[in-house]
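Architecture at a glance
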Amino acid sequence: MTDETPDPANPCDEVDPVEPEAAEPDEVEPEAAEAEVDPGEVLFYEPGGSRWVVLIGPVLVLAVLIMEIAGPGQVHWPVLIIFLVILFGFSLVQVSAARRHVSVELTETTLRQGAVTTPLADIEKIYPPNNSATPEDWESARALGELHGVPRRRKGVGVRLTSGDLAQAWARDVEVFRSELTQAHAAVRMGLPPSAKKPSIGKDESRKADAEESEEGQDTTE
């Protein structure tokens, strides 16, 4: 009497080998795609607000403190500290909001307005400035970015997107901005690749530093 019992473990043992390796190629693709993104050189930059405004509160409190020390009365430390916290906190919130929502950065392939970045390839047409008394349709269009309208002390540049919608790009120095935007948009429409690679980082930083310095003497509120 032969005892032939089938081995139930054998079929299961031979199933496992190759499956873990099949998932690896898919995980590498997003990294490779990210590495190919190159916005190019920064052509125009406005920070939206100067960090120097944050010092206004402390300077005012320091001036009051000096006057109280020099005067015959006592120094009101609790009141000065409260005012310092209020003024510093308010100015910090104001500058942070301005730098987040009212900053502008134009590169060779993208336009960032506030926290929203628009590829230049999504812009079909840039309208010339309206010098007539009759308003153009684009002047009542929404602003690019997360704000509904063009921020205060900024001027709009009319654009038509590839979706057919009208919109307004905007900046404080609108003439320089319009010129740089028009040239960058023309280069994108012609299919020219970005000319700036890694070596342009220092140049971009110096351009941003110049923009920061020019913003110091201007009001930072929207």
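Attention here is on the structure that accompanies the text.

**Considerations on helix α6 (residues 174–189)**
Taking 1.5 Å per residue, 16 residues should reach 22 Å; α6 reaches 22 Å between its end C-alpha atoms and fits that length. The complete set of buried residues in α6 reads Val-174, Phe-177, Arg-178, Leu-181, Ala-184 and His-185. Buried residues in α6, looked at end-on, bunch into an arc of 145°, giving them a common side. In α6, the exposed positions angled more than 90 degrees off the buried face are occupied by Glu-175 and Gln-183. Against β1 (42–46), β2 (104–107), β3 (110–113), β5 (123–126), β7 (155–161) and β8 (166–171) lie the buried residues of α6.

**As for the environment of Ser-91**
Looking at the element boundaries, Ser-91 is found in helix α5 (residues 77–101). The exposure class of Ser-91 is buried, given its relative accessible area of 6%. A C-alpha to C-alpha distance of 9.2 Å links Ser-91 and Arg-51, two positions 40 residues apart in sequence. Once residues within four sequence positions are removed from consideration, Ser-91 is found in contact with Val-53 and Val-54. A polar atom in the side chain of Ser-91 sits 3.0 Å from the backbone oxygen of Leu-87.

**A short note on the environment of Glu-108**
Looking at the element boundaries, Glu-108 is found in the loop between β2 and β3. Classification of Glu-108 as buried rests on a relative accessible area of 16%. Measuring from C-alpha to C-alpha, the distance between Glu-108 and Val-42 comes to 6.8 Å, with 66 residues separating the pair along the chain. Only 2.8 Å separates the side chain of Glu-108 from the backbone nitrogen of Glu-41, close enough to count as a polar contact.

**Quick notes on the nonpolar core**
Of all hydrophobic cores here, the largest spans 22 residues; its most connected members are Leu-111, Phe-177 and Leu-181. Put simply, the parts of the chain that give this core at least two residues each are β1, β2, β5, β7, β8 and α6. Every residue in contact with Leu-181, bar those within four places of it in the chain, is listed here: Leu-106, Leu-111, Leu-120, Ile-126, Val-157 and Ala-169.

What counts, and at which threshold
- Residues numbered from 1 in each chain as written.
- Predicted model: local features only at pLDDT ≥ 70, side-chain atom pairs only at ≥ 80, totals over all residues.
- Heavy atoms only, no water.
- Helix = DSSP H or I, 4+ residues; strand = E, 2+ residues; numbered from the N terminus.
- Expected span 1.5 Å × (residues − 1).
- Buried < 20%, exposed > 50% of the residue type's maximum accessible area, 1.4 Å probe, protein only.
- Arc of directions from axis to C-beta.
- Contact = heavy atoms within 4.5 Å.
- Polar contact = N/O pair within 3.5 Å; in protein donor to acceptor, adjacent residues only side chain to side chain.
- Core = buried A, V, L, I, M, F, W, Y, C linked by side-chain atoms within 4.5 Å.

Note that all results are geometric; they support no functional claim without further evidence.
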